[in-house]
Structure formats: C-alpha cells, structure tokens
Protein chains: 2
Amino acid sequence: MGKLVYDFTEGNRDLRDLLGGKGANLAEMTNLGLPVPPGFVITTDACRHYLTAGSMPDGLDDEVTAHLSRLEEAMGRKLGDPADPLLVSVRSGAKFSMPGMMETVLNIGLSDESVLGLAKQAGNERFAWDSYRRLIQMFGKTVLGIEGEAFEHAIDAAKKAKGTKNDLDLDAADLSEIVETFKGIVREHAGRDFPQQPREQMDLAVGAVFQSWNADRAILYRRQERIPTDLGTAVNIVAMVFGNLGMDSGTGVAFTRDPGTGQQGVYGDYLQNAQGEDVVAGIRNTVPLQDLEGIDKAAYDQLMQIMQTLETHYRDLCDIEFTIERGKLWMLQTRVGKRTAAAAFRIATQLIAQGLIEDDEALTRVTGAQLAHLMFPRFDTSGGVNKIATGISASPGAAVGKVVFDSARAVELAARGEHVILVRRETNPDDLHGMIAAQGILTSRGGKTSHAAVVARGMGKTCVCGADELDVDSKAGRFTASGGVTVSEGDVISIDGSSGAVYLGEVPVSSSPVVRYFEGELDPASAEADELVQAVHQIMGHADARRRLGVYANADTGDDCARARRFGAAGVGLVRTEHMFLGERRQLVERLILADDDAARQSALDALEPLQRGDFTEILEAMDGLPVIIRLIDPPLHEFLPDLTDLSVKVALAGQDATDKDKKLLDAVRRLHEQNPMLGLRGVRLGLVIPGLFAMQVRAIAHAAADRKKAGGDPHPEIMIPLTAAVQEFEVAREEAEKVLAEVAAETGTHVRTLVGTMIEVPRAALTAGQIAQTAEFFSFGTNDLTQMTWGFSRDDVEGAFFSRYIDLGIFGVSPFETIDADGVGRLVSIAVEEGRAARPDLELGVCGEHGGDPESVHFFHKVGLDYVSCSPFRVPVARLEAGRAAVLTAEGGSDSR
Amino acid sequence: MGKLVYDFTEGNRDLRDLLGGKGANLAEMTNLGLPVPPGFVITTDACRHYLTAGSMPDGLDDEVTAHLSRLEEAMGRKLGDPADPLLVSVRSGAKFSMPGMMETVLNIGLSDESVLGLAKQAGNERFAWDSYRRLIQMFGKTVLGIEGEAFEHAIDAAKKAKGTKNDLDLDAADLSEIVETFKGIVREHAGRDFPQQPREQMDLAVGAVFQSWNADRAILYRRQERIPTDLGTAVNIVAMVFGNLGMDSGTGVAFTRDPGTGQQGVYGDYLQNAQGEDVVAGIRNTVPLQDLEGIDKAAYDQLMQIMQTLETHYRDLCDIEFTIERGKLWMLQTRVGKRTAAAAFRIATQLIAQGLIEDDEALTRVTGAQLAHLMFPRFDTSGGVNKIATGISASPGAAVGKVVFDSARAVELAARGEHVILVRRETNPDDLHGMIAAQGILTSRGGKTSHAAVVARGMGKTCVCGADELDVDSKAGRFTASGGVTVSEGDVISIDGSSGAVYLGEVPVSSSPVVRYFEGELDPASAEADELVQAVHQIMGHADARRRLGVYANADTGDDCARARRFGAAGVGLVRTEHMFLGERRQLVERLILADDDAARQSALDALEPLQRGDFTEILEAMDGLPVIIRLIDPPLHEFLPDLTDLSVKVALAGQDATDKDKKLLDAVRRLHEQNPMLGLRGVRLGLVIPGLFAMQVRAIAHAAADRKKAGGDPHPEIMIPLTAAVQEFEVAREEAEKVLAEVAAETGTHVRTLVGTMIEVPRAALTAGQIAQTAEFFSFGTNDLTQMTWGFSRDDVEGAFFSRYIDLGIFGVSPFETIDADGVGRLVSIAVEEGRAARPDLELGVCGEHGGDPESVHFFHKVGLDYVSCSPFRVPVARLEAGRAAVLTAEGGSDSR
C-alpha cells in the first residue's frame, strides 16, 4: 500500500476519495492560510484494508507515530503529557457527508494524571474535568459500545442532587465525581477499565471510526442516499481547541449565504463556552451569528473575512464550523453547503452574475429533483396554520383530506368522491387499496424506505412517514399529536410531503410560480416574476442550449399535448390509444369483444374508427409540425370488461334472474380471462389475432393526417407497434399498416410520410434488435414493461408486496421502476441501441417508459446514445434540465448525476 | 453468377445444395454406370435468382441450349422433331424431399405434329395420343394454373360414353378426341392456346417449377418440416423413357430393404404399361415387386443387382423409381429412403454388422424423436380392431375414452373420473378446458399446425387431427365415419396419435418393449428381446460412450428418482419441493398462510419440516452417490388456496350462513391475490419475505442428508434458489442457507458437503450472471420461465390463444416452449454460460426446463457448453441419445440435428 497518512499541509480538496470530505477541506483551508488546528488524515485506503482484512495495514502504526510527532512538535506539547497534555480529536470523514452517522471522539489524551496538568495549564479546573468526562462518555459510547443512557442518567442524577437543570451549574468537584461514576460505568459495561494510555485511546478510537462505516444506521443511510458501500471513511486527527474555556470562548456554525433562499448575509448560530456537540445537542440556546459582533468584534470580523475567502475560493455556498478559544478563531470544518431547491437555482445564477462560475457549471449546481420539487403545488401558509407534527418527507406533494384509519374505509369514502388521508402506525401490503384510494398517507413509524414511503413514491402519492410524535390508535379511530391535540376519523388534515409538516384542518393549496412560468402564465421578465423564476428561466435556457437529447412527452389528448408543448416537449413520444377506449366508448369495445361473427366485429370497429380519427386529428393539430408517435392498442381486451370475480358473484346471486346480457358477458369474461394478463394476448399479438383491429387504428391515423394536411397543417404521425418480440411479428403488422396507409393515400389523394416502428419492451426484442431494425424505422424503449420482464416481476403485484423489504435488504437502492437498472435492463437497452443502429444507421431511438422523466435515468439514456426521452408533460422540464446536465457532465468526463 | 446448368455426368451426390436431392442422386447413379436416361440440371442458384429478381438469370438460356444440344446428340433425336421427337420431363428437385409439394411436367416436346411422329416411331398410336393428353393435362395444371377437375371430368365423360371404367379401354381415337377437348379447356381457362413450340413448353415448365417453390402448400410444408424457406429448387430435364409403350413396359418403386422393419428382401410395387403418375394416382392396382421376376426376369435380375449396388454405395436403405421401356430398365430416381422409427434402429445396427458403417455414423442414422416414438404405449391390434378413419398423427400416444363433443361436457365427465376423447370439427381457444380434461383430441379439420395439434403437442396429449372422412355434428352429439358408422356421445373410441388411426371401441394398450428394456424388465441378451431392443441397446451404449453432456432427471419422489436412475439418469437436476405440499399437506400450507402471528407461522413450518425431511431422505436414498438438486419452494403461496372467484361466489351465495373459516379464507385469498402470479411473490422473493420458510426446507434437507450419511449412505444434496434476478437476492438466501447447514452440522455432528446455487430463469439473472457466479456454485437454466419472460408471454395464457396462428404466420417454426429459441432465449443462455464461467471456472452448468428433453435443444445445450441436461425420467433415454448424436455431429463439424 502507498502512503496511508497525510498531513493537512500535504492534502487538498481534490483528494476527497482518499482523505474524505472533511480531511480534504481541512487541508484546503490549511493551504489557504486559514487558521486550522494542525492535524493529519488516515486515508480511506487504510479503512478499506481494515474492513476487509480485519486488521490495520502494515506500516500504518509507524506513519501515525511520525505524523503525531510532527503534530506534537508544531504544538510544543506531547499527547497526554501529564504536565501539559496535547489533546486531539479523532473524527470520521467520508467522501460523502453522512451527518450524524459516523463517530467522533474528542479530548483524546486525557487521563487521571493529565487532567490535572490540563487544569493547571488552562487555569480552569472545571474545564479540565468537563473535558475528561466528555472523553470517557464519548469513548465509552463510540469505542466500547456502551449505551449512552447509562452516562446520561449519571449526569441527570448529579444535576438532580444539585437541584439544577443547567450543565454549567455543575462545578469541578461535581464533574470530578461524575468522572469517577463514568469510570465505574465503563468497568461495569465494558468489562475493562477506561484506558489511561493516550496512544491506546487514539488507536482504539481510529479502529472504532473505521468500524462505524459498517454500523447498521450508516449502511441504511448509504442505501437511502445511494452512496456506494465500499468507499470507507478517512480519520482526521486534529489538535483540540476549546470553545469551553470560558465566556471568551465558544463554538458556532455559519453559512456564506442563506441556505434557504441564497441571499448573501450573515447566517449561523453561536454558543459561548461550549464545544460543538453542545450546539448539536441543543442543551442551551444558541444566539444568532450576528450577535458575535457584539461579543467578540475581532473574531467576528475575521470570520466574515474568511467566509468571503471561502466562498470565492469554492465558488459556492459553504457551511462552516468554527471554535473561538479565548478570543482566537479556529476553523474546524468547511464544505459546500446543502441548500433548498429554490436556493440552489438562485445561488447558481447569482454566482454567474458575480462572475464566479460559468453557465455550464451552474447547470451542475442544480438538479432535476430540485426542479421537480419547485413544481409541486404548495401549501399557502400565509393565512396561518396549525402544525401538529413533523414527520419525514417521504413522497412530495400537498394533500388535504379526511382522516381514515383503515383501507376499507378509505376505499368506501373515496368511492363517494371524498378526499381522504390514510393514517396508519405503519402500512403493509394489505393497505394497498387504501393507499390507492387516498390523497395522501401519513404514518407514525418507519423511515424513507418504509413500506408506506416506497409504495407512495411508486404511486406518486403524497406521503409523510415516521411522524413519531403521533400516537395512532386505529381501533379507537383517532390519533393524538404531541401537543395533546386529538384527531378523529373524519377530521380534515393537510400533509406536506416535501417538508414533512402535518397541519390540522384544510390548508389552501397554491400552484407553484415555476409551473406558472412553464405554463406561460408568468413572464420571467415581468415584475411579477421573482428571482427564483428568473433563475429557473436562465438555467433552463442554458440546459436547452447544451442538451443533445430531445425531450418528448407522453400524452393522450389534445389538451395534454398542448400542455406538453408549452412545457417544452419537441414531440409526443407515446400516444396510448387504449386510453381513448374508456368512458362511454367502452361499450363499443364490449361490442367488439362480444361480436359473434365477422360482420358484428367489423361493425363495432367501424363505429370506433371515426372517434379515433377525431382523437388523432386533435392531437396532430396540437403538435403541428412535430412528431407524434402513436402506439396501437396494447392491453388485453378483457381489461375493458367487468372483473371476473365481481361479475361471477353478481350472476350467482341473481340466480334465475340473471340477465341474458350478464350471462353472455360472463361467458366472454371467462373465455378471455388470463392467468397473467401482462404476459397474455396483448400488443402486437392482439393485432395479429383480431382481424381488422390494427387496420382500423391505422386507417384512423392516416385519415386524421390527411385531414390535417388538407387543412394546411403539417402532421408527422408515426405508427408504433407494441410488444414486438420477434421481427416476424413486426413484419406482419407493418405490412398490414403499410397497406392501409397506401389505401388511404389513394383514397384521399394525400400522402403523409408515416414512419412505422416498434416498442422495445420485451427482452427478446432487445436481444434480436439487429433483426428488427432491418424493417422497423424507429425503436421506442418501453422500460416499464422491459423492467417487469427482465426482472420477472409485475409492478402491480410486487411493489407493495416486497419492495420496501428489498430496499431494506439492499437488493435495490431504489425501485427499478423509478430509476433504470443499468446492469440488467440497461444492458438490454445498450445491446438494442448498438445492434439496432448497426443494422440501420438512421434508426430513431427513444424511450417512453416512466424512466424518461427520472433524472438519473436521463443521464443513462444520454450516455447510451438515445435520440430522445419521452415522459409525462409535467416531467418535461425536469428531463430538459437533466439532459442539459448530462451533456455538461459527460463533456467533463464526469458521470455523477447527483 | 457461375455455372447454372450441370449435365448428370458433371454432378455427384454431394451437390445437393446446388442440384437438389433428385439431381444430385441422378448424377451419382450416372457416374456409377447405372442406366439413367441422359439429362441435365438447372441449379438452385438459378431458381433463387428467378424468385428474387423475377426473371431468369442472364446466360441461363444459352447454357440450357448448349446442354439440350448435347442431350439431343446423345439421344440422336431433336426435341419435338415432328418426325422422331425427343421428349423430356421437367422435374423439380429441392435439397430436402417435399413429396407431392412441387411440380413435374412429363412428355415435353409433343405437339399436334410430333404426336404423329411419335406414333410412327413407337409403332403405337394409342401410346402417342395418351402421352400427348398427359402433357396437355399436366402442363395445363402446372404451368397454366388450370384446375385439375376440368381435365378429369373430360376423361370421365369419355369413359362414360364408352361405357368403361378403365383408362386402358380408351383407344387412340378416343384419346385423340380427348386431346382436342383438353386443348379447348386450355383455351377457355388460360385464355391462350396450348403452346406448340417444344422449347417454349420447356421454358414455361422450368419457370412453373421455380414458382412452385412459393406455392402455399409448399410454404406450409416447409414451415411444418422446418425446411429453410430460401433454398429454392433445382430443375431436372431428363430424356423421357416410357413405361406405357405396352405390356413389355411398366414402372415401379422399390426399397432396398423393408422401410417398416429394416428386413432385407424385395419390397416394392410394379405396374405394367403405365407411367409413374399412374402408380401414385392408384388408378389401377399394382403388383408386388416380386411378380416382376415372372414378367421380365432379365429386368428383374438387373434391378436386384442395381439395388445391391446402391445400398452398398449409399450405405443405407435407398428407395428407387424405375421404368422399363420395352424390356430395357431405366433408373429415374433414388434417394436414402424414409423409414419407421423401428426400422431406423434396426437398419443402423444391421449396417454396422455388415461393416458398411461405423458406430458413430449409426448414431447419426437415428433420432431422439424416433426413440421417443418407440417408447409410447401402443395399441395391441392383435385381437382385431375396427378402424373407422385415419387422420394426421398430430401428437403421439394411444388414447381411449368416451366421445364428447363439447368442452364443458369433457370437464364434467373427467371430473367424475371418466376417460374422454374430445371430438370437434376443429378446436379454438374456448376448448382449452376440454382439451385439458380429455385423454385425447380428435378433429376432422386442420393439419399439423392447427390449433388442436399445436396445443395438444404442447400439453403432451394424444391428438389425431384432420380426419376428414369424419362428419362431425356437435349439436346432434354424433359423428359419422366414411364407412357409414355413426358414433354418438358416450361411445368409446381409441385414437393412435402416432399413426393417425381411429378405432371404434376400446383397443387394449400395451407398453413398449423398448420401455420394458429401459426399465430393466427385458434383458437385451435374452431370447425374449427382439432385434429392435437389441438395436436400441447397442446404439444407446454407443451414445453413452460418445456424449459429453450428462443427463439428469427432474423427479419429485423416491419412485420417480428410482425410475430415472433405471432410465440412465446420472443425477436429479430438479426436485420441485412445492410438489410435496399437495394433497393432505395442503392444509398445513393453508395454516402457514393464515397464521396470525410468528408463533402460528412457526408452528405450521414445524409441522411441515418432518414431512419434508422424509421426502428428501427417500430421494437421497434412491439417488445414493449421485447429485440431487433440490429447488426451494417456488410458486406463490396463494396457489395452495382456493380460487378467488369460486370462493367469492361460495361466500356470496352462503350470505349470512357463510362460515367464519370461509370468510377468513376469502380475506386471505383476496389479500394474496395477484394480477400476474407468474410475476409475483414467488421464488427467492417468497424466501426473503416469509420468515423461516426457506430455513425450514434447508433444515429438512440437511437433516435428511445427515440421516443418510449416518445410515452409511452417500448423499449429494445441492440447494437451488429459484427465480434469482439479482446477486443480492441470492446472497441473502445463501447466507441463511449456509447458517442452517452449519447449525445442523453442529447438531448432528455430521457434515455433508452441500453446494448452493441458483436457477437462471429470469432474463436479468442471465444478464448479470458474472456477478451471480461469484457467489453461486451452480447454475441451472430454467428455460420454461426464461422463455416466458424473454418473450413476454405466459405459456398458460398464450399457447392456446394464438400459437397456432403464429405458427401459420411463420412467426415460429415450432413453439419456443418445445424447442429452445436460439436467437433470444438461447442468447441469454450463452451470455450466462460465458460470463458465469469467466467468474467461476468450475461453475456447474445445467438446464432443468422441459427443453432438456427436446432433441434439437439438447444439441444447442451441447454446443453452448452445459455440463448436463435434466428432463422428465421418460425423456432421459432420448436426451442420452441426442447428447451422443450432438457429440458426433459436432465432431464432424455438422450442426443438423434432423
């Protein structure tokens, strides 16, 4: 192995893989000349070795010793020196921030002896004993695995004995007694004494940090955040500085601009006479950072200066942790700061305006997920609201409805047209019907990968989960919030899936200004448009300029098409013609299915044709001049008939009185019933088996196109055959379509060039794409079906049944229906793209599955070389943005779509 | 293009691709010095050019002229010379024999003038006019597309006028009148005169033969016989010799040995004073070939001599067409003759004994399909039978049962335990239930690719189709056979799916001696064993010696395993543990599913464990010393519960009186109901979601193995995880299994090495096989599911719904569930083999889908490099034979599994 330890002076921010985020940024700040306590970093290489081999790598010990000596030299003190101890912190620091997940031990180097030396040197006995008890407590928890409660109880007991609630009221003698108690706790729980040797403390702490990479909560976090599991963490060993030496000391956090809005200004919190963990623990109240100016003007001014330096250097919002030790400012951490979606857009454009970044880089600073977030309707809380709880924001959206506690009730009320919110302690597969019926789901247990969260995201339904302040009593039909508010079945609540807020009563919902902008209702140049809308407008413009991928929409009506066009769609990638057979037209399909002979069947088809023709005319008009890919009917015909079980029960109950119509219908339903309709008589198979069905649709398309052309329009219809598995199927269907197109051209005297292509949604189609492309003019990947068949599971059946368990087990990081599975489904797409294009260089390639609007998937489709992605109209702006980002990131050689 | 025409002296039998089978063999006989009339062959290259370009290739005309001149020179006559005409036949001849499919025109060269010359030269006016009327008749049908009936009516009218039924009673004058009538028919139907120019006749006939390649019946035949569609046919132009010059002339067919049994001897038919077509038409009765000895001893002796030469030269049974013209013998055709399955085995071993072929070549002379044929039970017709019809042998087997005419009735009687034969004019998807319930299916319409035939073969059910002598009246509930026999519902019939015979009444069924041999009941060395059994024994021995592929069996009970072992299985490739949950044990599974809590669930599992342990002990005992691959439970649990619709109707009808048990059961059925169970909660998913289920099965396996080992046995269990799609799923399941295995090893003090591997039956598993092989110790391809998911159709739903239509449309040549689809499913298998083995060189690779017993598929699996195939016990001998053949054919560089 190479070098395993880096001094801060040896590193820089580009070494995040090796030094972790914290270490790399501490090194960067050190080299910028900022006041960083001296220290060094043990690399992630060492961690990975430790985790796989189970022992520290050879040579690490010597390297650490050498760096520690240099550190001692720089500080003029020795680690744990009884007379004047150097203390260090041992801090984890992985490549990606995992807040609160990983371990840290402060004040390493204190012992029964050196605590006295520290007291003497600091001139502060209380401080020394407080530091020592903190060491034993953190070491006990982190290194020795002792439950934190044991220590907390001891402190509480001491405070109780003293009659106080404030830590600061405990004096040196109290703290020295607590130290004795803590040592006893260690002995009892860990079966060993607290180690008095400072280097032993340090080495054990390093091992504990390494091990914390594989703690359950860290694994879960990485799974949720999709952080690779084999990165490992670095360890930072840093000379301690103390914010708890008195009222001239303190600790704080700061942001270079407002992470909520992007505004420049002074944002942060400060706490006097404290160490960092006190801020996090919230034991005492912090003051706003502005107040530091009054407390210590010099340190404040220096901090402002440093923040300016950092933002210019990092060219982005930074967040900072700092400590003031007796008036001396020390920087303990910086990193590019998290921010809200709105702030991300604002900051990106602000930085362009300041000349700090270029347009391309601005694109990498925002994400499609953030844009989607800005497009959700939002609660208008300006009229005042009654927030009764906050849970985890599991699936975005704003939902309002009556509380129900079981699924049957949810279905019942929803059937009456009521809006309901399903409230459960947690959901399970039995709740699926209720979840479908509800506007939103609220649970008191479970995190982002709980059943409720996973299923709701899959359904695109608003969900707040894990609102643990709520006590849900389903049997009694009520829940109580922590404030004592009781909410009963039928009461109205409002839940915000983006923030996790739960409000009592109905909160008005307003549409997002970003959507109003996309709709063309809000001119970004007008006074009404705020900075956010302007920022979105500016960045979208650049994304459009940069992207190679076209963005089309999936749309089934003229209205949908018009909206898609307003949202920036350059075509329609999928018209689902079966959507035109619903409502009143269902009876015509019923007639088609029940037809006893050719004449009856043809008569039903004849009745459908003018309706379809009207549909297509509307769509072609809305998309005049742009391509419109129309998929011929796909689902099994029995989907248009009543459910077998329902109808069987109805007929059985009616007995002798059952109508002839129902009996005939039941015969047909039985005859057409399929064990696995997803794998049944559908798509092209239907077209080849039911005479005249595809021909009717093609005729309607051809006539609609001719009508449009005669009316002076510019129609570009394309005919898409669904579910092709073999080139022979496609050829039979294409020949029939070409024949009808020629007939209509002859009849109308109008020729409209009409491509004929196919969905690639069956694994075999991808595997034989080279054959299919010899006769198909375009491919559109139906990644929903392709995912179902490649994995061998149907979304309807499995998403609720086991996906949350699978995500918990780490089998997926995210549902493969949400983000394309690159190894399996993606490999089929790659094969088909490569072999399809080899057979037909001008083959038009796109995707019309829901993945077309998923950010990470858009990057995949860009890389694999598709011509366009097609998604729901609402996702079109997201896809445009991500397509632009993909172009920029690929050009940079990057591949990270985060 | 190269040379387009070959003289017989220029060709040989290896040029079948170019000259077709007939031409190549005529050339071969010519070069052997046998008496073949001179002639030449127009190549298949010329045909392919004609069919794609629509015109004859450049240069063909000149080449034909040159060869024709040489032919005229050799014969000393000119084509169509009015004084002494040379006549020729124009005969099709493709690479693969397509009997009756393609066209032939005889007597080309006759005209109104030359008929007189021929009469004079032959000294036989009647002969000349008869030849002329034959030319016009064949030319009219073949070249001009006139319905044959028109000509036949004219002959019938002439015979009627003459008051005779025998063609020979028509004299020269009658025939000359018929010629006039025929010329009128041509003029009327074709709108042109019969061409008088001999070369025009010949050229038109050549074009007609080329076109006949694409006649509907030829296309259908090729599809059924799986002959590639782009081969084209050659055309043979041969000097005419005449069997109809008088009683010293004649024509016949002969076999070098009996095609039914392989016995050497004199087999064939002879017809005096006739041309070949008369034999086929069956207008007059032929005499046995032996009688020729009395008619013309010299010709007979020469023929016997030639047959001996041919068989020695071809080293196989040959069939022959010959003509005797005024005592001179002419050979018109020879080819390797078709034979029955029994004859194939006998002839192969006879030829070895004669030293004509080696063991390897003998293997290529028999097929697995023939062996399978020999293994079906057969009707014992020795007691006399009443055959009432013969149809097409669509799906082999011997079925006996009561006649029913509709599916509902079939289901009803079958439910009472009756055996039924479903008789329909033709079947359609509505008949599926009835087909499942019936022992066999009989239809009066449709061929080998009709719905009935395709579905029955898929089900492995006996079927005779297209028995067009039957008049089926379903409404009246009876059918009549051509002999006037009427069969009504409830009457018993017997149908032979191997011969197509339909018998009235019950014919006794006897098991095949070949099966008795495999069962070990018949010693091939004993007197009781006939030549066939000895031949099978000899050839199987050589197949076993030659094959590289292991052959395992799929078996679920100790008895099945024992039989598989007797049949030659070297292991069990698939134990379906769910088959152990049927019958009385179903209620335990029900208890498991209905369990309200962990304790109830565990108690149900605890009750199942000893039963499973007993099952496994039995199986491991039967397969002592051999590998036994046990698949953990695969189907969705609701398959063990009642049907949703049935139970819903039951509970609804019971109303208030519904039992609590039924209501609870209905709740569970509803909860577990899946839209697409094939794509639902099954396989490894079930194991990961239902705590303790897989562990129970693994524990039962481990204990059974320990029990066996303690009892002195040699158990080799392997644990197979079903439906893996991702390596992560497999890892979780494997870890649980390993844990249980270690626990049981510790408990029992007995360690049994137990491989843990996976099915590859989901496309994603094949696509990520490299990852999975890093942790799985073996792969077994589940090609049934893999076919379903790769094509995106479920066998249950589609085979009856559209497969026969798909076969008619040429989308498949054969159902992909019967023979593996090499381009799609096979490509996935290849990927997984290659990438799996790269990751783990000693990965054990096999297949346990039904394709494991399909001859053509076995060749595929041999080529792709699997270690073994596993199939039903009954198919084990077929797989052994085909595995041996695959090894021989691959070594020869051949790839043709026919």
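If you're wondering where the values come from, they're calculated on a predicted model, not measured in any experiment. (Residues numbered from 1 in each chain as written. Chains lettered and ligands numbered in written order. Predicted model: local features only at pLDDT ≥ 70, side-chain atom pairs only at ≥ 80, totals over all residues. Heavy atoms only, no water.)

Another point: the overall build of chain A. Across its full length, chain A holds 35 helices and 33 strands. Whereas a compact globule of 898 residues would reach a radius of gyration of roughly 29 Å, chain A reaches 33 Å, a difference of no more than 12%. Summarising its shape, the C-alpha atoms of chain A cover approximately 105 × 60 × 60 Å along the three principal directions. Expressed as a percentage of its 898 residues, the buried residues of chain A come to 58%. Across chain A, contacts joining residues at least 24 apart in sequence account for 68% of those joining residues at least 6 apart. Summed over all atoms, the accessible surface of chain A reaches about 34200 Å², with 48% contributed by carbon and sulfur. Here chain A holds 91 positive side-chain charges and 131 negative ones, and the gap between their average locations is 1 Å. (Helix = DSSP H or I, 4+ residues; strand = E, 2+ residues; numbered from the N terminus. Rg over C-alpha atoms; globule rule 2.2 N^0.38 Å. Buried < 20%, exposed > 50% of the residue type's maximum accessible area, 1.4 Å probe, protein only. Contact = heavy atoms within 4.5 Å. Areas by Shrake-Rupley, 256 points an atom, 1.4 Å probe, with all protein chains shown as cover. Lys, Arg positive; Asp, Glu negative; His and termini not counted. Charge placed at Lys NZ, Arg CZ, Asp CG, Glu CD.)

Another aspect to go through is the environment of Ala438(A). All names here are of chain A. The topology assignment puts Ala 438 in the loop between helix 17 (432–437) and strand 18 (440–443). Among the residues examined, Ala 438 registers a relative accessible area of 2% and is labelled buried. Residues Ala 438 and Ala 53, spaced 385 residues apart in sequence, show a C-alpha to C-alpha distance of 51 Å. Dropping the residues within four chain positions of it, Ala 438 is found in contact with Val 420, Leu 422 and Lys 461.

All right, on to the sheet that holds strand 33 (residues 868–871) of chain A then. Residue and element names in this part refer to chain A. The strand order 26-27-28-29-30-31-32-33 describes a closed barrel built from eight strands, whose pairing is parallel. Recorded for the sheet is a direction-independent mean angle of 30 degrees between the axes of neighbouring strands. Bridge analysis of strand 28 (residues 627–631) against strand 29 (residues 716–721) gives five bridges, and the strand direction is parallel. For Arg 631, the partnering residue across the bridge sits in strand 29 and is Met 720. (Pairing = 2+ DSSP bridges. Axes fitted to C-alpha atoms, helices over the stretch in contact; angles between N-to-C directions.)

The next point concerns the pairing of strand 33 (residues 868–871) of chain B. All names here are of chain B. Judged by which residues are buried, strand 33 turns out to be covered on both faces: Tyr 868 and Ser 870 on one side and Val 869 and Cys 871 on the other are all buried. Bridge count between strand 26 (residues 550–554) and strand 33: four bridges; the pairing is parallel. Directly across from Gly 550, in strand 33, lies its bridge partner Tyr 868. With two bridges connecting them, strand 32 (residues 844–847) and strand 33 associate as parallel partners. Bridge assignment links Gly 846 to a residue of strand 33, and that residue is Tyr 868. Assessed by its sense of winding, the connection that carries the chain from strand 32 through helix 34 (residues 855–864) to strand 33 is right-handed. (Right-handed = clockwise from strand over helix to strand, strands pointing away.)

Let's shift gears to helix 25 (residues 660–672) of chain B. Residue and element names in this part refer to chain B. With 13 residues, helix 25 extends 18 Å from end C-alpha to end C-alpha; this agrees with the ideal 18 Å at 1.5 Å per step. Residues of helix 25 that are buried: Asp 662, Leu 665, Leu 666, Ala 668 and Val 669. Taken around the axis of helix 25, the buried residues stretch over an arc of 165 degrees, which confines them to a single face. Buried residues in helix 25 make contact with helix 22 (586–594) and helix 24 (644–654). (Expected span 1.5 Å × (residues − 1). Arc of directions from axis to C-beta.)

Right, let's get into the interface of chain A and chain B. Taken residue by residue, the interface counts 54 residues in chain A and 53 residues in chain B. With both sides pooled, the region where chain A packs onto chain B buries about 4700 Å², and carbon together with sulfur makes up 60% of that total. For Asp821(A), the salt bridge identified is with Arg764(B), shortest N-O distance 2.6 Å. At the junction of chain A with chain B, the criterion picks out 27 residue pairs in polar contact (both at pLDDT 80 or more). Every element with two or more residues in the side of chain A that touches chain B is listed here: helix 24 (644–654), helix 26 (684–689), helix 28 (727–748), helix 29 (763–767), helix 31 (783–791), helix 32 (795–808) and helix 33 (825–839) of chain A. (Buried area = accessible area lost by both parts, 1.4 Å probe. Salt bridge = Lys/Arg side-chain N within 4 Å of Asp/Glu carboxyl O. Polar contact = N/O pair within 3.5 Å; in protein donor to acceptor, adjacent residues only side chain to side chain.)

Bringing the pattern of salt bridges into the picture now. Residue and element names in this part refer to chain A. Going through the model one piece at a time under the given rule, you end up with 115 salt bridges over all chains. Residue Asp 544 is joined to Arg 547 by a salt bridge in which the shortest nitrogen-to-oxygen separation is 3.0 Å. One continuous salt-bridge network, built from bridges that share partners, spans Arg 315, Asp 316, Arg 339, Glu 361 and Arg 365.

Next up on the list: the relation of the copies chain A and chain B. For the pair chain A and chain B, the relating rotation is 179 degrees, the translation along its axis is 0.0 Å, and the fit reaches an RMSD of 0.3 Å. Here the two chains are linked by the operation of a two-fold rotation axis. Taken together, the interface assignments show that 98% of the residues at the interface of chain A recur at the interface of chain B, consistent with an identical surface on both copies. (Least-squares fit on C-alpha atoms with pLDDT ≥ 70 in both.)

Note on aromatic pairs: each is described by the distance of the centres and the angle between the planes. Counted according to the given criterion, the structure contains 54 aromatic pairs over all chains. Between the aromatic rings of Tyr132(B) and Phe194(B), the centroid separation amounts to 6.1 Å while the plane-to-plane angle is 70 degrees, which identifies the pairing as edge-to-face. Residue Tyr132(B) is located in helix 5 (residues 125–142), and its partner Phe194(B) is located in the loop between helix 7 (172–190) and helix 8 (198–212); the two are separated by 62 residues in the primary sequence. Each ring, one from Phe518(B) and one from Phe567(B), has its centre 5.9 Å from the other, and the planes form 45 degrees; the classification is tilted. With Phe518(B) in helix 19 (residues 513–518) and Phe567(B) in the loop between helix 21 (558–566) and strand 27 (572–576), this residue pair connects regions lying 49 residues apart in the sequence. Residue class for Phe518(B) comes out buried when judged on its relative accessible area of 4%. On the accessibility criterion, Phe567(B) (0% relative accessible area) is buried. Positioned over the ring face of Tyr314(A) is Arg13(A), at 4.9 Å from the centre of the ring. (Phe/Tyr/Trp six-rings, centres within 6.5 Å; stacked < 30°, edge-to-face > 60°. Lys NZ or Arg CZ within 6 Å of the ring centre and 35° of its normal.)

Residues and elements named next belong to chain B. One non-glycine residue with positive phi stands out, namely Arg 326, at about 45 degrees. Examined against the element boundaries, Arg 326 turns out to sit in the loop between strand 11 (318–325) and strand 12 (328–336). Here the phi dihedral of Leu 723 falls at roughly 65 degrees; this positive angle occurs in a residue that is not glycine. Mapped onto the elements of the fold, Leu 723 is located in the loop between strand 29 (716–721) and helix 28 (727–748). Overall, Leu 723 belongs to the buried group, its relative accessible area being 0%.

Moving on, we get to the side chain of Ser111(A). With respect to the helices, strands and loops of the structure, Ser111(A) is situated in the loop between strand 6 (104–108) and helix 4 (114–122). If sequence neighbours within four positions are ignored, Ser111(A) has contacts with Tyr132(A) and Gln196(A).

Below, the discussion takes up the confidence of the model for chain A. Confidence in the prediction for chain A averages 92 pLDDT; 98% of positions are at 70 or higher. We note a pTM of 0.88 for the whole complex and an ipTM of 0.87 for its interfaces. (pLDDT = per-residue confidence, 0-100.)

Next up on the list: the side chain of Asp431(A). Looking at the secondary structure, you find Asp431(A) in the loop between strand 17 (420–424) and helix 17. When neighbours within four sequence positions are excluded, Asp431(A) is seen to be in contact with Ser407(A), Leu422(A), Arg424(A) and Glu426(A).

All names here are of chain A. Packing of helix 3 (residues 60–75) against helix 8 (residues 198–212) leaves a shortest axis separation of 13 Å and a crossing angle of 125 degrees. Of the possible angle classes, the one that applies to helix 3 and helix 8 is oblique. The interaxial crossing formed by helix 3 with helix 8 has right-handed handedness. For the pair helix 3 and helix 8, the contacting residues are Asp 61, Val 64, Thr 65 and Leu 68 in the first and Arg 199, Met 202 and Asp 203 in the second. For the contact of helix 3 with helix 8, the residue count by class is three nonpolar, one polar and three charged. (Parallel < 35°, antiparallel > 145°, perpendicular 65-115°, else oblique. Left-handed = near helix turned anticlockwise from the far one by under 90°. Nonpolar A, V, L, I, M, F, W, Y, C, P; charged D, E, K, R; others polar.)

All names here are of chain A. Spatially, 1-2-7-5-6 is the arrangement adopted by the five strands of the open sheet, whose pairing is antiparallel. Of all strands in the sheet, those with a lone pairing partner are strand 1 (5–7) and strand 6, marking the two edges. Neighbour to neighbour, the strand axes of the sheet diverge by 20 degrees on average, direction disregarded. Strand direction decides the pairing type here: strand 5 (residues 88–94) and strand 7 (residues 233–239), joined by seven bridges, are antiparallel.

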